[in-house]
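Each chain is listed here by its residues.
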Amino acid sequence: CHSFEYLELMKKNNPEYAQMFEQSEIYLQNYIASHPNLGKERAVVTIPIVVHLIYNPDSINHQLSDWQITSQIDVLNEDYRRFNADNIKTPEMFSSVAADIEFEFALANRDPNGNWTNGIIRVPTTISEFDLSDAMKFTTLGGDNAWPNKDYLNIWVCRLVYPTLGYSTFPTDSSSKSGVVVHYKAFGRIDCFSTKYYLGRSATHEIGHWFNLKHVDGDEPCCALDDGCDDTPLQAKNNQGCKEFPFSSISDCSPQTNPQPCNNTSDMFMNYMDYTYDSCMNLFSNDQRIRMLAAFNLYRTSLLSSQALIPPTSFSNDIGITKVLFPDELIYGDSM
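Calculation criteria
- Residues numbered from 1 in each chain as written.
- Predicted model: local features only at pLDDT ≥ 70, side-chain atom pairs only at ≥ 80, totals over all residues.
- Heavy atoms only, no water.
- Phe/Tyr/Trp six-rings, centres within 6.5 Å; stacked < 30°, edge-to-face > 60°.
- Helix = DSSP H or I, 4+ residues; strand = E, 2+ residues; numbered from the N terminus.
- Buried < 20%, exposed > 50% of the residue type's maximum accessible area, 1.4 Å probe, protein only.
- Disulfide = S-S within 2.5 Å.
- Pairing = 2+ DSSP bridges.
- Axes fitted to C-alpha atoms, helices over the stretch in contact; angles between N-to-C directions.
- Parallel < 35°, antiparallel > 145°, perpendicular 65-115°, else oblique.
- Contact = heavy atoms within 4.5 Å.
- Nonpolar A, V, L, I, M, F, W, Y, C, P; charged D, E, K, R; others polar.
- Core = buried A, V, L, I, M, F, W, Y, C linked by side-chain atoms within 4.5 Å.
- Polar contact = N/O pair within 3.5 Å; in protein donor to acceptor, adjacent residues only side chain to side chain.

**Points about the packing of aromatic side chains**
In the structure shown here, the tally under the stated rule is 13 aromatic pairs. Ring geometry for Phe103 versus Phe211: centroids 4.4 Å apart, planes at 20°, classification stacked. A residue pair is termed long-range when its members are at least 10 positions apart, and Phe103 in strand β2 (residues 103-107) and Phe211 in the loop between α5 (201-210) and β7 (240-241) qualify at 108 residues. By the burial criterion, Phe103 is buried, and Phe211 matches it. For the ring pair Tyr197 and Tyr277, a centre distance of 5.7 Å and an interplane angle of 90° mean the geometry is edge-to-face. Within this pair, whereas Tyr197 is found in the loop between β6 (180-183) and α5, its partner Tyr277 is found in the loop between β8 (275-276) and α6 (286-300), the two being separated by 80 residues in sequence.

Written out as structure tokens, the structure reads:
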């Protein structure tokens, strides 16, 4: 995941955005503090998705099937509702804080013009691979323009420069760049091209950022920064590969580089917001749920009034019956 690098690039290129992002964290924490009942009224929200598949016509590997794309939607629904079959792998130490986020996802049935769509847009490109410059989000740069982000979660699937699996904007970005980017090799769980990221968890992870989640290590070494969630233990660094529970990355820090205590029993390395392999991830936490709900209420409520999941009702192009000719109006020949 290169969401942190992407964020730093945006801050560097736009000092006003950097200030706004820092203020947004204070705003989010104040919102959570002033809404003690946040999340207690259980309600499932469905997020409309449009997938922009940017593919090279010369490579059959880039042309993902509808089946593979819909398998990714299945993964998101399982992971965000905690219906994932591998939730039984969550260690008992963390099972009490593992959360059903109550977000569900569906491909759009209606495009911005009110026409029917299956929510999948295939766009050929001559670009061999994309980087953090967001070119895949613009038709003029070899990608595909976003659909209105007030009505859709835009996901761009394309070939990304090594070793990027994906990246996401954070809720403070309301521009046409808002959305998630995922490498085609790590999208879906059917006929996936990756041997490590083949269960669709890259999209689960990146959408977590889209809902304002940070990496569990706070993107700072040796517990210098928290992720804003009390029930995810302070973690010295991100974890890669697969770990055997219990495991703590604090051994990579010396007392001199450990500004605050983070001698946890174990990192929550199976959290979707760590860097472990897909097969080792299996939970979001309760505090992550609260953080996502707060971000939704502050930045994403327009999705509640989106018409994207309502099939078009216009039948202007329908081949229907306009008149019955038989038996009254059918004209027979004289021989009859």
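There's plenty left to go through after this.
**Digging into the state of the cysteines**
By definition, a disulfide links the sulfur atoms of two cysteines through a covalent bond. This structure, assessed with the given rule, holds one disulfide. Between the sulfur atoms of Cys242 and its disulfide mate Cys280 the distance is 1.6 Å. Disulfide Cys242-Cys280: the torsion about the S-S bond is 95°, which places it as right-handed. Separated by 38 residues along the polypeptide, Cys242 in the loop between β7 and β8 and Cys280 in the loop between β8 and α6 bring together distant segments of the chain. Judged by its relative accessible area of 41%, Cys242 falls in the partly exposed class. Under the relative-accessibility criterion, Cys280 is labelled buried at 13%.

**Points about the pairing of β6**
Burial of the side chains of β6 extends over both faces: Val180 and Val182 are buried on one face and Val181 and His183 on the other. Examined bridge by bridge, strand β5 (residues 166-168) and β6 share three bridges and lie antiparallel to one another. Along β6, the bridge assignment pairs Ser168 with Val180.

**Some details on the packing of helix α1 (residues 3-13) against helix α2 (residues 15-34)**
Two elements in contact, α1 and α2, have axes whose closest approach is 5 Å; the angle formed by their N-to-C orientations is 125°. Looking at the two axes, α1 sits oblique to α2. Every residue of α2 that contacts α1 at Leu7, Met10, Lys11, Lys12 and Asn13 is listed here: Pro15, Tyr17, Ala18, Phe21 and Glu22. Residues that form the contact of α1 with α2 fall into these classes: six nonpolar, one polar and three charged.

**Description of the nonpolar core**
The nonpolar side chains of a soluble globular protein tend to be buried, and buried together. The biggest cluster of nonpolar side chains holds 43 residues, and the ones touching the most others in it are Tyr80, Phe103, Phe105 and Phe211. Going through the elements one at a time, α2, β1 (45-55), α3 (66-81), β2, β4 (153-158), β6, α5 and α6 are the ones with two or more residues in this core. Examining the composition of this core, we find that six residues originate from one element, α6, more than from any other. Within the second largest apolar cluster, 17 residues are counted, among which are Val123, Phe130, Leu132 and Trp156.

**Some words on the side chain of Arg289**
As for its position among the elements, Arg289 is in helix α6. Within the local environment of Arg289, its side chain forms a polar contact with the backbone oxygen of Gly39, the two atoms lying 3.0 Å apart. When residues no more than four places from it in sequence are discounted, the contact partners of Arg289 are Gly39, Arg42, Ala99, Asp100, Ile101 and Glu102.

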